[in-house]
Amino acid sequence: MEAGTDTETPVIEFRGIGLTYPGPPPVAALRPCDLTVKRGDFVAVVGPSGSGKSTFLNIAGLLDAPTSGTYLLDGIDTGKLRDADRTALRGLRIGFVFQSFHLLPQRTALENVILALVYDGTPRRERADRARRALEQVGLGHRVDSLPTRLSGGERQRVAIARALVTRPSLLLCDEPTGNLDTVNADSVLALLTQLHKDGMTVLVITHDPLVAARAENMVTIRDGVLSLSESAPHEVLG
Ligand code: ADP
């Protein structure tokens, strides 16, 4: 088994992680916090606008370095890595899903998913098969040759999820994945995330949507940069 990916090692471990933007004036966007996300967890991160959700996402996704604390991803101390190694770790271990899909409009669903494998060392001859299987996993085996413009919003987001999954990440990190979708499409994406969680994927969703938060088994609230594990129902903490 690959080092750091056994079931005992948490996927995310924050120890005193915080970020203060230097300013002036300095802004404590995320106060030092501890957080453990275990393998197979489904965690929602909620909080009002400006509370620090993006700051949290950028740190968890290795896009920004914290200004305090230690972040272990799959047991690897990310603060000790050089920039190039951190970028490589991000590509290997984290699958990103964004609100606005970020698909290339002139490329088919299959080609969009294949592109995720171009830089991760997957041999060329294996890419199409793996991409096809990822699209089947999200229920789009019949739409592999469609352009994104011919797909519904929910289907586009499912292509984006296939692209995130095809590299076999440890963590699916979703930023408002239903933010651009109507209720029907949001439901289909939410059902897929729930299914992936049931199949063992670790899913972390940053969201404003109480329905998304309600599906997660753990909820983290951020308010004024202070992160806390929530006990209360999602609609009570969204404010
Ligand atoms: P959210 O995603 O919940 O809307 P953010 O993480 O974007 O919140 O922002 C948290 C706080 O940090 C806000 O007060 C915001 O104004 C501030 N902030 C975000 N980015 C920067 C930056 N680059 N420099 C200074 N302050 C920032």
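Please refer to the structure placed before this passage.
Residues numbered from 1 in each chain as written. Predicted model: local features only at pLDDT ≥ 70, side-chain atom pairs only at ≥ 80, totals over all residues. Heavy atoms only, no water.

Enquirer: I keep staring at helix α6 (residues 183-198) and nothing clicks. Help me out?
Expert: Each full turn of the α-helix corresponds to 3.6 residues, which orients residues three or four apart in the same direction. In a regular helix each residue adds 1.5 Å, so 16 residues correspond to 22 Å; α6 covers 22 Å between its end C-alpha atoms and thus fits that length. Among all positions of α6, only N185, A186, V189, L190, L192, L193, T194, L196 and H197 are buried. In this fold, the buried residues of α6 make contact with β3 (42-46), α4 (124-137), α5 (153-165), β7 (171-175), β8 (202-206) and α7 (210-215). (Helix = DSSP H or I, 4+ residues; strand = E, 2+ residues; numbered from the N terminus. Expected span 1.5 Å × (residues − 1). Buried < 20%, exposed > 50% of the residue type's maximum accessible area, 1.4 Å probe, protein only. Contact = heavy atoms within 4.5 Å.)

Enquirer: Explain α4 here, please?
Expert: Along its 14 residues, α4 runs 21 Å from first to last C-alpha, staying within 8% of the 20 Å computed at 1.5 Å per residue. Among all positions of α4, only R127, R130, A131, A134 and L135 are buried. Around the axis of α4, the buried residues are gathered within 140° of arc, so they sit on the same side. Lining the buried residues of α4 we find α3 (109-118) and α5. (Arc of directions from axis to C-beta.)

Enquirer: Could you clarify how one ought to interpret the pairing of strand β1 (residues 12-21) in this entry?
Expert: Looking along a regular strand, one sees the side chains alternate between the two faces of the sheet. As paired elements, β1 and strand β2 (residues 27-37) share seven bridges and run antiparallel to each other. Considered in β2, the bridge of L19 is made with L30. Two elements, β1 and strand β4 (residues 68-73), share five bridges in a ladder whose sense is antiparallel. When the sheet's bridge partners are listed, G18 is paired in β4 with S68. (Pairing = 2+ DSSP bridges.)

Enquirer: Honestly, the site of the ligand in this entry has me stumped. Any pointers?
Expert: Inspection of the region around the ligand gives Y21, V27, A29, P48, S49, G50, S51, G52, K53, S54 and T55 as its neighbouring residues. At 2.6 Å, a backbone N or O of G50 approaches an oxygen atom of the ligand. Backbone polar atom of G52 to an oxygen atom of the ligand: 3.0 Å apart, as the coordinates give it. Elements supplying a minimum of two residues to the shell around the ligand: β2 and α1 (53-60). Residue contributions to the shell around the ligand peak at three residues, all from α1. (Near = heavy atom within 4 Å. Polar contact = N/O pair within 3.5 Å; in protein donor to acceptor, adjacent residues only side chain to side chain.)

Enquirer: Got a minute to help me understand the nonpolar core in this structure?
Expert: If you look at the biggest cluster of nonpolar residues, it comprises 41 residues, and the most contacted ones within it are L135, I161, L172 and L193. Looking at this core, the elements with two or more residues in it are β3, α3, α4, α5, β7, α6, β8 and α7. In contact with L135, other than residues within four places in its own chain, are A109, L110, V113, L140, G141, V144, V159 and A162. Counting residues in each nonpolar core, the second largest holds 28 residues, with I12, I17, F56 and L227 among its members. (Core = buried A, V, L, I, M, F, W, Y, C linked by side-chain atoms within 4.5 Å.)

Enquirer: Hey, could you run me through the sheet that holds β7 in this one?
Expert: Strand pairing within a sheet occurs via backbone hydrogen bonds; the two strands may be parallel or antiparallel. Pairing in this open sheet of six strands is mixed, and the strands run β6-β7-β8-β3-β9-β10 from one edge to the other. Both edges of this open sheet fall to β6 (94-97) and β10 (226-229), since each of them pairs with a single strand only. Taken pair by pair, the neighbouring strands of this sheet meet at an average axis angle of 20°, ignoring direction. Judged from the four bridges that link them, β6 and β7 form a sheet pairing that is parallel. Counterpart to F96 in the pairing with β7 is L173. Each of β6 and β7 is contacted by α5, which is oriented at about 165° to β6, the strand it contacts most. (Axes fitted to C-alpha atoms, helices over the stretch in contact; angles between N-to-C directions.)

Purely geometric stuff here, so don't read any function into it on its own.
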